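# Summary of structural features
Here are the chains, one letter per residue:
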Amino acid sequence: MKRQNGALVALVAAVTVAAVVLGATIASRQVPQRQSTAYAAPLPAPTTPTTTPSKAAQTPKPATTTPSLQPSTPSAPTAPTDTPTLTGPTKITLAVSKLGTGRQPQIPYLSGRQVRGGAGGTVTIPGKDDVLEIARVNSSVLALTTNGNGSQVLRFDANGVASVANVNHMEAKADQSGAAYAAFGADGPVEGGTIYADTGTSLTALKLTKRWNFKVLSYVGDKVYFESSDVLGSGASWSTYVWSPGEPEAKLVKALASMTTMSADGKSAATALLVSNTGSCSAVTAVETGQREWKTCDYYLNDFSPSGATVFGVPSGDDGYCSSAEAALDAKTGKLLREWKGCLQSITPEDDEHLLMVATASGEGDNAKTAIIRCTVSTGDCELATPVSSNRLLLSA
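Being a predicted model, the structure only gives us computed values, none of them experimental. Here the residue numbers are simple positions, counted from 1 along each chain's written sequence. The predicted origin of the model limits local features to residues at a pLDDT of at least 70 and limits the giving and counting of side-chain atom pairs to 80 or more, whereas totals for whole chains, interfaces and linings rest on all residues. Note that water and hydrogens are dropped before the side-chain values are worked out from all heavy atoms of the structure.

### Notes on the sheet that holds strand E10 (residues 179-183)
So the rule is basically this: The pairing criterion for strands is at least two bridges between them, as found by DSSP. In this description a helix means any DSSP run of H or I spanning at least four residues, a strand means any run of E spanning at least two, and both kinds are numbered starting from the N terminus. In this analysis an axis means a line fitted to C-alpha atoms, helices contributing only their contacting stretch, and an angle means the value between N-to-C directions, from 0 to 180 degrees.
One open sheet holds the four strands; their spatial order is E9-E10-E11-E12, and the pairing between them is antiparallel. Of all the strands in the sheet, the pair left with one neighbour each is strand E9 (167-172) and strand E12 (203-208). For this sheet, the mean inter-axis angle between neighbouring strands, taken without regard to orientation, is 15°. For E10 and strand E11 (residues 193-198), the ladder comprises five bridges, and the chain directions are antiparallel. For Ala180, the partnering residue across the bridge sits in E11 and is Ala197.

Right, here's the structure in full:
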């Protein structure tokens, strides 16, 4: 989903060239420090023998982190449709504290240190490490956390907790059947890295010895799309690659250089054409042909609705604690359908009609009070999906 993301909030992936592709990042996801860590035992060894990561250690089993595997019963999402008939104003300024209350999010989300929603019980993430991203994968919960010693993906399941260190970002599949992430630079910037595909019970890995700054972009069907740069510092050139887990190598995708996200059906991709200190331009590109459908310099595009009919983005010049707005555009034509204005973070489509966003009601930074809100593309109407609180809130990657 941004998969999803998969999520709409991008993490900074590079050391000195982070702004090259991620110019519209939101500060609610901090940059993981790529240093060594020994927080938890490694995840199970990858299924590909030639690409096995670091030596496995004993897996601890914290008493407070065993998740309930009894699935919840979320309400059925809106059926995929073409661009909906629009009513109401195109641009809407949010007043979060005045919104009415609706149903809880139908996708996984984090409240404080508890992962809720989706197909599974509540799982508590132990410790005090900052939680950057979360996802449910089959019966397991994944959490990307960071502390002064580095970052790691933690997997919580019925057997306890295990980890992979030095990960900078996760992308989960739309159906929650898998997630992908990259790990590199255990002792500082080094060339090469490892791409992981995680089923929630096992890993498949691709070990890479060339290039820098690996970051997974999308996990669609049986394909993992990731980017990397040719050099570490200034003047880097970025490329997009595709890998099918289990295959011994990845392939360059020339038509999707500087890709930011892909639709769940794998037919359309958003790409960054220009990123600078003053803004950015984005385009929607047909994956099969590489043909550019349209471009915009008003918004930085970073997610699609499940059917791919709508593409979402933030104002291209945004840079700070949160995004100043979130826009919904027709993925075929680029026409602006809706724009919600506010202090917005961690944005994820719930279905084709609804967008979930973490919106600030008052304050900022550590003193902010926020809520997950649900906004409808066709009408522009919004409601509270969670109460306004001081809890840390995140939507699924």
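### Description of the packing of aromatic side chains
Let me state the cut-off plainly: Stacked, edge-to-face and tilted are the three classes for Phe, Tyr and Trp ring pairs, Trp counted by its six-membered ring, which pair at centre distances within 6.5 Å; planes under 30 degrees apart are stacked, over 60 edge-to-face, the rest tilted. Partly exposed residues are those whose accessible area sits between 20% and 50% of the maximum for their type, while under 20% is buried and over 50% is exposed, using a 1.4 Å probe and protein chains only.
Inspection of every chain in the model, using the stated rule, returns three aromatic pairs. Ring centres of Phe214 and Phe226 lie 6.2 Å apart, and the angle between their planes is 50°; on these two criteria the pair is classed as tilted. Of this pair, Phe214 sits in strand E13 (residues 212-220) while Phe226 sits in strand E14 (residues 223-229), placing them twelve residues apart in sequence. By relative accessible area, which is 2% here, Phe214 ends up buried. The interplanar angle of 15° and the centroid separation of 5.6 Å between the aromatic rings of Phe226 and Tyr241 together place this pair among those described as stacked. Here Phe226, found in strand E14, pairs with Tyr241, found in strand E15 (residues 238-243); they are 15 residues apart in sequence, far enough to count as distant. Pair check on accessibility: Phe226 and Tyr241 agree, each one buried.

### Some points on the sheet that holds strand E16 (residues 251-252)
Read across the open sheet, the four strands follow the order E13-E14-E15-E16; overall the sheet is antiparallel. Among the strands making up the open sheet, the edge pair consists of E13 and E16. Alignment of E15 against E16, held across two bridges, turns out to be antiparallel. Following the sheet pairing, Val242 is matched in E16 by Lys251.

### Notes on the pattern of salt bridges
It is possible for side chains bearing opposite charge to pair when their charged atoms get close. The condition that has to hold: Think of a salt bridge as a Lys or Arg side-chain nitrogen and an Asp or Glu carboxyl oxygen that are within 4 Å of each other.
Applying the stated criterion to the full structure yields five salt bridges. The salt bridge involving Asp222 is made with Lys223; its shortest N-O contact spans 3.5 Å. The partner of Arg374 in a salt bridge is Glu350, and the shortest N-O contact between them spans 2.6 Å. One end of the pair, Arg374, is in strand E26 (residues 369-376); the other, Glu350, is in the loop between strand E24 (336-349) and strand E25 (354-362), with 24 residues separating them in the sequence.

### With respect to the nonpolar core
As a reminder, the rule being used: Each nonpolar core is a collection of buried residues, namely Ala, Val, Leu, Ile, Met, Phe, Trp, Tyr and Cys, held together in the definition by side-chain atoms within 4.5 Å. Whether two residues are in contact is decided by their heavy atoms: any pair within 4.5 Å suffices.
If you look at the biggest cluster of nonpolar residues, it comprises 19 residues, and the most contacted ones within it are Leu94, Trp340, Met357, Ile373 and Cys375. Mapped onto this core, the elements with two or more residues apiece are E24, E25, E26 and strand E27 (382-384). Top element by residues in this core is E24. It accounts for four residues. Not counting the four nearest positions on each side in its chain, Cys375 is found in contact with Leu94, Trp340, Glu353, His354, Leu355, Met357, Asp381 and Cys382. Of all hydrophobic cores here, the second largest spans 17 residues; its members include Val137, Met170, Ala172 and Tyr196.

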